[in-house]
Amino acid sequence: MRVALTGTPGTGKSAVATALEQQGYFIVRLNDCAKENACFDGIDEERNSQLIDIDKLNKCIKKNFATDTLVFFEGHVSHLLTAMDKVLILRCYPKELKKRLLEKKWTAKKIKENVDAETIDVILCEAAEKHPVKNIFEIDTTKKTVEEVAASIIEIVKKKFQPTKSYTIGQIDWSEEILKEKSS
Ligand SMILES: Nc1ncnc2c1ncn2[C@@H]1O[C@H](COP(=O)(O)OP(=O)(O)OP(=O)(O)O)[C@@H](O)[C@H]1O
Ligand SMILES: [Mg+2]
């Protein structure tokens, strides 16, 4: 089974992937996978980063990774790949996300762009365009440690991705943060 581990930058994808790896799970870091297979398509000049060629990466993953073993594909575009059987979205309360990104020393502009994206569910909307909603799960990382987030993921896996009260999509709603931001 191919599982996307996605989320807005700062929600903890890399940290959680490392925690899962330490427990023996197989992780593919999408940026590395794209590099190794030359799956880039130009440069995002504004962000000074290479643009991943989603179609090429998708084909490459379908060819190279069988669906009979559990593999987590970590990266903020993993939910755009139709090769994924399941999608796990890490979420974070916007104010906490801002703190995490400030610690990463990101610029104010980049922080705002990502906190806004998290507030209005950008990744969830993108995922829902590509995957049936029953295959998408959201994990609120705000009050969890990295290890607890990894444990939540293992719980979802062990329960064979059955719908659960805690992780079924649509329960996270931070839209009120937009109003708060406007009035502050
Ligand atoms: N559950 C958590 N609780 C507290 N801090 C966390 C949690 N998860 C991650 N962090 C911290 O937040 C920061 C961002 O985490 P991380 O780099 O793993 O995010 P990411 O989603 O991989 O971001 P990017 O898309 O930029 O690679 C790190 O400093 C990390 O230690
Ligand atoms: Mg990362």
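Since this is a predicted model, take the numbers as computed values, not measurements. (Residues numbered from 1 in each chain as written. Chains lettered and ligands numbered in written order. Predicted model: local features only at pLDDT ≥ 70, side-chain atom pairs only at ≥ 80, totals over all residues. Heavy atoms only, no water.)

Novice: Describe the overall build of the protein, listing the residues and the values that go with them.
Specialist: Along the protein, the regular secondary structure elements total eight helices and seven strands. Over its C-alpha trace the protein gives a radius of gyration of 16 Å, about what one expects of a compact globule, namely 16 Å for 184 residues. Counting only C-alpha atoms, the protein reaches 50 × 40 × 30 Å along its principal axes. Among the 184 residues that make up the protein, the fraction classed as buried is 44%. A separation of at least 24 residues holds for 73% of the contacts in the protein among residues at least 6 apart in sequence. When the accessible surface of the protein is summed, it comes to about 10,400 Å², and 53% of that surface belongs to carbon and sulfur atoms. (Helix = DSSP H or I, 4+ residues; strand = E, 2+ residues; numbered from the N terminus. Rg over C-alpha atoms; globule rule 2.2 N^0.38 Å. Buried < 20%, exposed > 50% of the residue type's maximum accessible area, 1.4 Å probe, protein only. Contact = heavy atoms within 4.5 Å. Areas by Shrake-Rupley, 256 points an atom, 1.4 Å probe, with all protein chains shown as cover.)

Novice: Explain unusual backbone geometry to me, and be specific about the residues and the numbers.
Specialist: Negative phi values dominate among residues other than glycine, just as trans dominates among peptide bonds. Residue alanine 38 is not a glycine yet carries a positive backbone phi of 50°. The exposure class of alanine 38 is partly exposed, given its relative accessible area of 49%. Phi at lysine 105 takes a positive value of approximately 65°, unusual for a residue other than glycine. Turning to its location among the elements, lysine 105 is positioned in the loop between helix 4 (94-103) and helix 5 (108-119). Judged by its relative accessible area of 72%, lysine 105 falls in the exposed class.

Novice: Run through the environment of glycine 75, naming residues and quoting values.
Specialist: For glycine 75, the location among the structural elements is in the loop between strand 5 (71-74) and strand 6 (86-91). Among the residues examined, glycine 75 registers a relative accessible area of 10% and is labelled buried. In this structure the C-alpha to C-alpha distance between glycine 75 and aspartate 116, which are 41 residues apart in sequence, comes to 19 Å. Those residues in contact with glycine 75 that lie beyond four places of it in its chain are Leu5, Thr6, Lys13 and Leu30.

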